[in-house]
Each structure stands twice: as structure tokens, then as C-alpha cells.
Amino acid sequence: MLRVPCGGCGRFLRPGRSLVSLRQPPRRGLPQQPTPAVPPAVGRWLLACSGAVAGAVVLGGVTRLTESGLSMVDWHLVKEMKPPRTQQEWEAEFQKYQQFPEFKILNRDMTLTEFKFIWYMEYSHRMWGRVVGLAYILPAAYFWRKGWLSRPMKGRVLALCGLVCFQGLLGWYMVKSGLEEKPDSYDIPRVSQYRLAAHLGSALVLYSASLWMGLSLLLPRHQLHETRQLLQLRHFAHGATALIFLTALSGAFVAGLDAGLVYNSFPKMGERWIPDDLLAFSPTLRNIFENPTTVQFDHRILGTASVTAVTALYLFSRKISLPHRTRMAVTSLLAVAWMQVGLGISTLLLYVPTPLAATHQSGSLALLSVALWLMSELRRIPK
């Protein structure tokens, strides 16, 4: 084979090859394509899902406040979707309810008409939960098939769909704790406050994740100068949001133990700042989650800490030049935080009326939503 010497390097070229091809390494594979942008429709879907979860949380709170959560004693994914229609079917459903502790201890004088009200409350909550599940799963399958989801987004969407299914199972696990017979106990039957907190906590995680992802897809990031003050404000906003989440979660223990009915005075609890029965249970750790007095005291402290943190965040933000939309988020967070404090105090002083208590619970979702909005406004631009 004829080989042509390459001047200056001592190497040989085969016929048909140039010096340029010799010096450049061969390309391996195709050039990487940029990750396709996720369509805005996916972001709007996630915001709609977060709204559906918020509705489920509010409806679940009303169900708890009206003591309706234990009226449906069976759990069937499809069979229970058809409510009783005839008088005979209603009487059979009522007879099943009469076999459980809530009727035997609390509602022995309940009429069939009264039973229908609490049954429909729980039925509405369960059906709304199924709507939420379909709102996640069906559009997710459609977007996946259309190729509208990037690879990272596919993992997040799968996690959301898995969480919404887990939420349904956790709801039944919670209800089951209120249907169990407890010998030698004459206390009002109620679901476990631990399971109630887990059920609410998973709903808040699902809501927050959906809202955050939706806002991240739909709201363009601001070109913010990465100053030391902005970094501090960002950390401050993250801490305040975590505190707001924890305060909302502590409300599940208040609801589970009816702790809002223990001390209906403010700012003191009765005649004292620190009540005598704060640590009445033994061991001491039990008081945090099982003593109604301690649970209410903790919720007060967390609520006070949250509004203090939000107020300090607002005052600190005044020292920084922020875009108009971000400034609106900070101001809205301050307004909703103080409104939530007013609702909480009013609910306590008026002995937890159902409409006001439901509004207070809705206020916790509104406060968490605005905090997540502010965090989205302060997102760092990726390099």
C-alpha cells in the first residue's frame, strides 16, 4: 500500500486522508440535544391539581369538625361510589354504623336523618379524593404519551402519582383507628391523632410539591443580583416556610385531640401564661403529642413564631431592591399571616365554631401557598 509521508511529524498518510482528518479525533455518537422545554399546559395542570388537593384538605377539615369521618365503616374503591338510594339500603347502612363505638358511646340518640348528613359529608370527602387521584393519573398518562414531559419531570410526576395513591390508603388507615373497639374506655371515639397528622402531612407535601412545580414552570425567574442580603432573604424565606408548614401540621394534633376546647382564652391559658397541667402525662415526651393542654400550647407558640418570622422577613425585605411581583409576594405573606392569627384567636375565643374553624384551616393553606410563591420568586437562576 502506498503511504505518503507527512512532513514535519514523521507520520504517514494513507491515500484519501487529509492532515485535518488525522489531527481531529473521530466523533463519538451524535451531539447532545438540549432538554426540551415542558409545555405550559403541564404547569397549569399541576396548579389545578394543587387546587384539588386544597379542596380535599378543606373538605376533610369540615368532615372532622362535624364529626362525620367515622360514618362510613367500610372501604371499597369502586363499590362505595354508589350511595344508598332506597329506605331499606339506608337502614342497612345505619345498622352497620350502630355496631361501632361512635354510635354506642356518642350518638345513641341519632336519627336516620342525622346519620344521612354525616354519611354524605364523609362520602363527599372520599369521592373528592378519588377525583384528585384521577386528576393526577389520567393527565399524567396523557402528557407522558405525548412526550411533553422531560426526563426529570417524569420522575417527579411518578412521585406525585405515587403519593396521591398512598394518601388514599393512609386515609383509610386513619379512619380504621376510630372504628376499633377499646375495652374499658368511655372516651369519645376519635381517630388517632398520629394517623391524622400523617394524613394531613402527606396532603400538605402533595399540595406543596404540586404548587411549587407548577409555579416553577409558569413563572419566569427574575434576574436578581446575587448579593449577600438577597442570599440572607432567600434563607429567611425558606426558614419561614418550614415554620409555617410545621404550624399547619401541629393543627392536626389540635384537631385530633379537640385541644381547641381546653383553654378558650388568649393570650393567657386560663389564669396563667404556663398552665399547671402542661406536663401532666408521664413520661414527659407523651405530653407533646397526647396532652391536649400541651398540644394547644405548642400550637400557640408555633403560630406566634410564624407570624414573628414573617413580620421580620417583611421588614428585612424593605432594605433590598426587589421586583414588583416579588414585593407583592412579601406584602401578601405579611397580610395573610396576620389574618391567620386573627382567625386562630377568634376560633379559640368562640369555642371552635365550625365555619370559623374551617376558615382558619383554609387560612393555613393560603399562608403556605403565599410562602411558596415567595420562594419561587426568589429562585436562583441556574448557571
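Definitions and cut-offs
Residues numbered from 1 in each chain as written. Predicted model: local features only at pLDDT ≥ 70, side-chain atom pairs only at ≥ 80, totals over all residues. Heavy atoms only, no water. Salt bridge = Lys/Arg side-chain N within 4 Å of Asp/Glu carboxyl O. Buried < 20%, exposed > 50% of the residue type's maximum accessible area, 1.4 Å probe, protein only. Helix = DSSP H or I, 4+ residues; strand = E, 2+ residues; numbered from the N terminus.

1. Thoughts on the pattern of salt bridges
Consideration 1: A complete count under the given rule lists 9 salt bridges for this structure.
Consideration 2: Between Arg234 and Glu226 there is a salt bridge, with its nearest N and O atoms 3.2 Å apart.
Consideration 3: For Arg234, a relative accessible area of 5% puts it in the buried group.
Consideration 4: Here Glu226 falls in the partly exposed class, since its relative accessible area comes to 43%.
Consideration 5: Salt-bridge contacts for Glu377 lead to Arg325; the nearest nitrogen and oxygen are separated by 2.7 Å. One end of the pair, Glu377, is in helix α12 (residues 354-377); the other, Arg325, is in helix α11 (residues 324-349), and 52 residues separate them in sequence.
Consideration 6: According to the relative accessible area criterion, Arg325 is partly exposed, its value standing at 24%.
Consideration 7: A single network of salt bridges, built from pairs that share partners, joins Arg64, Arg190 and Asp258.

2. Considerations on the environment of Leu204
Consideration 1: As for its position among the elements, Leu204 is in helix α7 (residues 193-218).
Consideration 2: For the pair formed by Leu204 and Leu368, sequence separation is 164 residues and the distance between their alpha carbons is 9.1 Å.

3. Quick notes on unusual backbone geometry
Consideration 1: The residue after Phe266, namely Pro267, is reached through a cis peptide bond having omega 5°.
Consideration 2: That bond from Ser282 to Pro283 is cis: its omega, 0°, falls within 30 degrees of zero.
Consideration 3: A positive phi is found at Asp258, a non-glycine position, where the angle reads about 55°.
Consideration 4: Tracing the chain through its elements places Asp258 in the loop between α8 (228-256) and α9 (286-290).
Consideration 5: With relative accessibility at 25%, the residue Asp258 sits in the partly exposed group.

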